[in-house]
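Structural overview for review
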Amino acid sequence: EHLDNDGLNCTYSNLHILRNTKLRPHIIFTTDEEVGGIGAAVLASIPCPFEGLKYIIELDRQGTNDCVFYDLFNLEFIEYIESFGFVEDFGTFSDISYLCPMWKICGVNLSVGYKNEHSVSETLHVSALFSTVNKVIKMLTVDSIPTFEYKENKRYNWMRDMWSYYPYEDSGAE
C-alpha cells in the first residue's frame, strides 16, 4: 500500500487554509484523476459554476517547488505564479487539463511535497507542503488579484515514444 499523499496533501492544504485564515476560496474535489480525470471531465462539461473566478490553483503536483501549466500559454500568468517562488516544470496531465481549456480560465498545478507517488517508497516533505500552503495564502490575499486571458498552446508533442518540449519563442503560438 502507498500513502496517497497527492490526494491527502491537497485535502490537508485546503483544510489548513480554511481553518487558519479567513479565506474562503472555491474548492473543487474531483474523482478518478488517476484514471483519466473522469470527474474533472464531467465537471468541465458544464459552464464554470464560479462567477468572477480569476484562476485555478490545483494542489496535486509531486516535488517541492514546481508550477505546471500544461497547455496554457500566457507568459504574464506564468511569470505571476513564479513571482510567488515557484519554478515552471513539465507535466503531462492533471484535472486542470480539462477544466482550464473548457472554462477558458488560466490554471496552475503546484507541488505539495510528495515524491515517488503511488509506490511503497512514497514520501512526504512536510516543509515543502507548508511552503506551498503559505505561498497559496499569499496568492489568495493579494490586494487586487489580476485576471489573465486563457491562451492555449500545444508546447508539448509526442514523438518517438517521448514528449518533446518546444520553448515559448519557438512554439508557433498565434
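This text gives an overview of the structure that appears in the document. (Residues numbered from 1 in each chain as written. Predicted model: local features only at pLDDT ≥ 70, side-chain atom pairs only at ≥ 80, totals over all residues. Heavy atoms only, no water.)

1. A few points about the side chain of N9
- Within the secondary structure layout, N9 lies in helix α1 (residues 5-20).
- When sequence neighbours within four positions are dropped, the list of residues in contact with N9 reads V112, Y114, L124 and L129. (Helix = DSSP H or I, 4+ residues; strand = E, 2+ residues; numbered from the N terminus. Contact = heavy atoms within 4.5 Å.)

2. So, the sheet that holds strand β4 (residues 107-111)
- The four strands lie next to each other as β1-β4-β2-β3, forming an open sheet whose pairing is mixed. The open sheet terminates on both sides in strands that have one partner only, identified here as β1 (56-61) and β3 (87-88).
- When strand β2 (residues 66-68) meets β4, the two strands line up antiparallel, connected through two bridges. Bridge pairing links V68 to N109 in β4. (Pairing = 2+ DSSP bridges.)

3. Quick look at the environment of L72
- With respect to the secondary-structure elements, L72 resides in the loop between β2 and α3 (75-82).
- Each C-alpha atom, one on L72 and one on K151, is 5.8 Å from the other, the two residues being 79 residues apart in sequence.

4. Here's the deal with the pairing of β1
- Judged by how many residues are buried, β1 sits mostly within the fold: five of six residues are covered.
- Note that β1 and β4 share four bridges and pair parallel. Its bridge partner being in β4, I57 is matched across the sheet by V108. (Buried < 20%, exposed > 50% of the residue type's maximum accessible area, 1.4 Å probe, protein only.)

5. A word on the nonpolar core
- With 37 residues, the main nonpolar core has Y55, F69, F77, I81, L110 and M139 as its most contacted residues.
- When residues of this core are traced back to their parent elements, those giving at least two are α1, α2 (38-44), β1, β2, α3, α4 (96-103), β4 and α5 (126-140).
- Examining the composition of this core, we find that five residues originate from one element, α5, more than from any other.
- Aside from chain neighbours lying at most four places away, what touches F77 is Y55, F69, L72, C106, G107, V108 and F148. (Core = buried A, V, L, I, M, F, W, Y, C linked by side-chain atoms within 4.5 Å.)

6. Notes on the environment of I28
- With respect to the element layout, I28 can be found in the loop between α1 and α2.
- Among the residues examined, I28 registers a relative accessible area of 29% and is labelled partly exposed.
- Measuring from C-alpha to C-alpha, the distance between I28 and A40 comes to 9.3 Å, with 12 residues separating the pair along the chain.
- Ignoring any residue separated from it by four or fewer positions in sequence, one finds I28 in contact with L43, F50, L99 and W103.

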